[in-house]
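An overview of the molecular structure
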Amino acid sequence: MTKSISKMTSFRWVICAMLFFATTINYLDRQVLSLTWDEFIKPEFHWDESHYGLITAVFSIFYAICMLFAGRFVEWMGTKKGFLWSIGVWSVGACLHAACGVVTEFQVGLHSAAELTAATGDVAVIIATVSMWCFLVARCILALGEAGNFPAAIKATAEYNPKKDRAFSTSIFNAGASIGALFAPLSIPPLAKAFGWEMAFVIIGVLGFIWMAFWVFLYDKPNQSRRVNAAELEYIEQDKHETAGQTASGLTASTKAVTEEKKMPFLDCFKFKQTWAFAVGKFMTDGVWWFFLFWTPSYLNMQFGIKTSEGLGMALIFTLYAIVTALSILGGKLPTIFINRSGQNPYAARMKAMLIFAFFPLFVLLAQPMGMQFADLGRNAAWIPVLLISMGCAAHQAWSANLFSTIGDMFPKGAIATVTGIGGMAGGIGSMILQFGAGKLFVYAGDTNMQFFGFDGKPAGYFIIFCFCAVAYLIGWCIMKSLVPKYKPITV
């Protein structure tokens, strides 16, 4: 394809914006349940924390299994078609949640939400069980589609950016997770309150279909896109020229370019310590992010009596993710600063940045004690743990952007989506363990009035989980560093 020589276009940032919006929709769809279950769904279906914990755990493990194959699916289908299938499936899954109430009524033999809510005894137990299984089916379809988001987004980022820009570009589209979580409390509870929780799922789910129309029109590979001129293509592909002088393997630059696109056999990916390092980083930390995403609204209601549909609840969740969004984007820029100032290789710069980010979740250790210390402020005391949790969540997003970028540093493009999927599965398994354990722990702590470091009942359970969340990143970083102490790219 012939491209005219002119001032460099910036279409790569349009693609980055599309990835950002896809991730935003992804997290909006994921958040609908967490923002509606405690106030709207729980009373109707007679759930407790164990029901919700099981649903989030199954979502996590099914997401993990799908991530293992989603990367391979994206490699096979290509970035454009793979992303379309992914967001199409998860949007269908998001909308299907709205049918769970109708299916439960039909199965139980009742005729309205009011009758479901009023049920008692064995009927209430049946309602809880049937509705839980309905939601599990819908969540699994959602997980199946959502599993393709990050493998496709990371692959698109690698296709449209040189290595030095990938962490920053990843941090921008990854900020969509924070933006989705940011706008979720401002949109979902009001929608549920005004039109019913069912319509909240449908309205948010439809956004994915709108995104698909833009993606079909806009996306092509850089060397095939009429919106990318020669100057921008030269910038995007600059890493190919940097390898020209690396002749130890006897390959020319053009041969290396072909090699980088070669597909890596799936099982071969597990032979490299770099794959295991990425998987460990995801396993240790993904569950932390998902825990705060899934449980923070419930925590605020349990600890401070604050509902997400009221002004204070929306303000708290909005503030939490506003801080996360602002700080996480800056975190993606930090490795570039290290590279420009010291000339470090991308992996060394990223690991240095990730070590810094790994210390910030320690603020979460103070969330419960500080909330208790200022209990005389009443419900306004919730601002203190929310601000401390926001520091940990912001560190996660900055950590995550750099962790994803280590794949592009180490692996050829033909393996990026596959390795992303493997790591995503590891992260999903870690999340499943944490979500399921948290649900069981909170019910047990409430039933037994468990005590832990001065906290009683469910607050004690939350403090135990907060302790793990605070140290998970330092543990993950140490294991990653021991597996891959130095920059060692892989060729196939």
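Sequence order as written defines residue numbering, which begins from 1 separately in each chain. For a predicted model such as this one, the threshold for reporting local features is a pLDDT of at least 70, and the threshold for listing and counting side-chain atom pairs is 80 or more; totals across whole chains, interfaces and linings nevertheless cover every residue. Water and hydrogen atoms were dropped before computing side-chain values, which therefore reflect all heavy atoms in the structure.

Helices and strands together make up the secondary structure of the protein chain, namely 19 helices and two strands. It is over C-alpha atoms that the radius of gyration is taken, and the globule rule equals 2.2 Å times the number of residues to the power 0.38. The C-alpha radius of gyration of the protein chain comes to 23 Å, within 12% of the 23 Å expected for a compact globule of 492 residues. In terms of principal-axis extent, the alpha carbons of the protein chain reach across some 75 × 45 × 40 Å. When checking whether two residues touch, look at their non-hydrogen atoms; a contact exists if any pair is within 4.5 Å. Partitioning the contacts of the protein chain with sequence separation of at least 6, the portion at a separation of at least 24 is 83%. Carbon and sulfur atoms provide 69% of the accessible area of the protein chain, an area that totals close to 19000 Å². Between the mean site of the 36 positive side-chain charges and the mean site of the 29 negative ones, the protein chain shows a separation of 13 Å. We count a stretch as a helix when DSSP gives it H or I for four or more residues in a row; a strand needs E for two or more, and each element gets its number in order from the N terminus. Exposure was quantified through the Shrake-Rupley algorithm and a 1.4 Å probe, taking into account, for residues, occlusion by the shown protein chains and nothing else. When charges are tallied, Lys and Arg are placed among the positive residues and Asp and Glu among the negative ones, while His and the ends of the chain are skipped. By convention, the point assigned to a charge is CZ for Arg, NZ for Lys, CD for Glu and CG for Asp.

It is worth spelling out helix 15 (residues 346-359) at this point. Turn by turn, an α-helix covers 3.6 residues, leaving residues three or four places apart pointing in a common direction. Taking 1.5 Å per residue as the helical rise, helix 15 with its 14 residues ought to reach 20 Å, and the 21 Å between its terminal C-alpha atoms agrees with that figure. Each residue's exposure class comes from its accessible area (1.4 Å probe, protein chains only) as a fraction of the maximum for that residue type: buried when under 20%, exposed when over 50%, partly exposed otherwise. Of all the positions in helix 15, only P346, Y347, A349, R350, M351, A353, M354, F357 and A358 are classed as buried. Helices are assigned an expected span. That span is 1.5 Å times one less than the residue count.

The next point concerns the pattern of salt bridges. By convention in these notes, a salt bridge is any Lys or Arg side-chain nitrogen within 4 Å of a carboxyl oxygen on Asp or Glu. Scanning the model with the defined rule gives eight salt bridges in all. Note that D38 and K42 form a salt bridge whose closest N and O atoms lie 3.5 Å from each other. One end of the pair is D38 and the other is K42, both in helix 1 (residues 11-45) and four residues apart, which spans about a single turn. Between K155 and E75 there is a salt bridge whose closest N-O contact spans 3.1 Å. Taken together, the residues K155 in helix 7 (residues 149-160) and E75 in helix 2 (residues 49-77) connect sequence positions 80 residues apart. Residue classification places E75 among the buried residues on the basis of a relative accessible area of 7%.

Moving on, we get to the nonpolar core. For soluble globular proteins, the rule of thumb is that nonpolar side chains tend to be buried together. Take the buried Ala, Val, Leu, Ile, Met, Phe, Trp, Tyr and Cys residues and link them wherever side-chain atoms come within 4.5 Å; each set so joined is a nonpolar core. Grouped together as the largest cluster of nonpolar side chains are 147 residues, with contacts concentrated most on W47, F135 and F291. Broken down by element, this core gets its largest block of residues, 16 residues, from helix 1. Contacts of W47, omitting those with residues within four sequence positions, involve L33, W37, I41, K42, I55, A128, S131, M132 and F135.

Mapping T308 onto the fold places it in the loop between helix 13 (273-304) and helix 14 (311-342). Of the residues examined, T308 reaches a relative accessible area of 8% and is grouped as buried. Within the structure, T308 has its side chain in polar contact with the backbone oxygen of L35 (distance 3.2 Å). The contacts of T308, once residues within four sequence positions are left out, are L35, E39, P185, P189, P297, G313 and M314. Two N or O atoms count as a polar contact when they lie within 3.5 Å, although within protein this holds only if one can serve as hydrogen donor and the other as acceptor, and sequence-adjacent residues are included solely when both atoms are side-chain atoms.

The subject of this paragraph is the packing of aromatic side chains. Two aromatic rings from Phe, Tyr or Trp, using only the six-membered ring of Trp, form a pair when their centres are within 6.5 Å; if the ring planes differ by under 30 degrees the pair is stacked, by over 60 it is edge-to-face, and anything between is tilted. Summed over all chains, the structure comprises 48 aromatic pairs. Members of the aromatic cluster, joined through ring pairs, are W37, Y52, F291, F292, W295, Y299, F304, F442, Y462 and F466. Looking at R30, its charged tip hangs above the ring of Y63, at a distance of 5.1 Å from the centre. Definition used: whenever NZ (Lys) or CZ (Arg) falls within 6 Å of the ring centre and also within 35 degrees of the ring normal, the charge is taken to sit over that ring. Residue placement shows R227 over the ring face of F217; its charged tip is 4.7 Å from the ring centre.

Below, the discussion takes up helix 9 (residues 197-218). Across its 22 residues, helix 9 extends 34 Å between first and last C-alpha, which sits within 8% of the 32 Å expected from 1.5 Å per residue. Taken together, the buried positions of helix 9 are W197, A200, F201, I204, G205, G208, W211, M212, W215 and L218. The buried residues of helix 9 all sit within an arc of 140° when viewed along its axis, so they share a single face. Away from the buried face of helix 9 by more than 90 degrees, exposed residues A213 and F217 are located. Residues of helix 9 that are buried make contact with helix 1, helix 3 (79-96), helix 4 (100-108), helix 6 (121-146) and helix 8 (163-195). Picture the helix axis, draw a direction to every C-beta atom, and the arc is the one those directions span.

Confidence per residue, as judged by the predictor, is encoded in pLDDT with a range of 0 to 100. Averaged over every residue, the pLDDT of the protein chain is 86; residues scoring 70 or more account for 93%. Ignoring residues within four places in sequence, the model shows residues 244-260, a span with pLDDT below 50, making 13 contacts including any to other chains.

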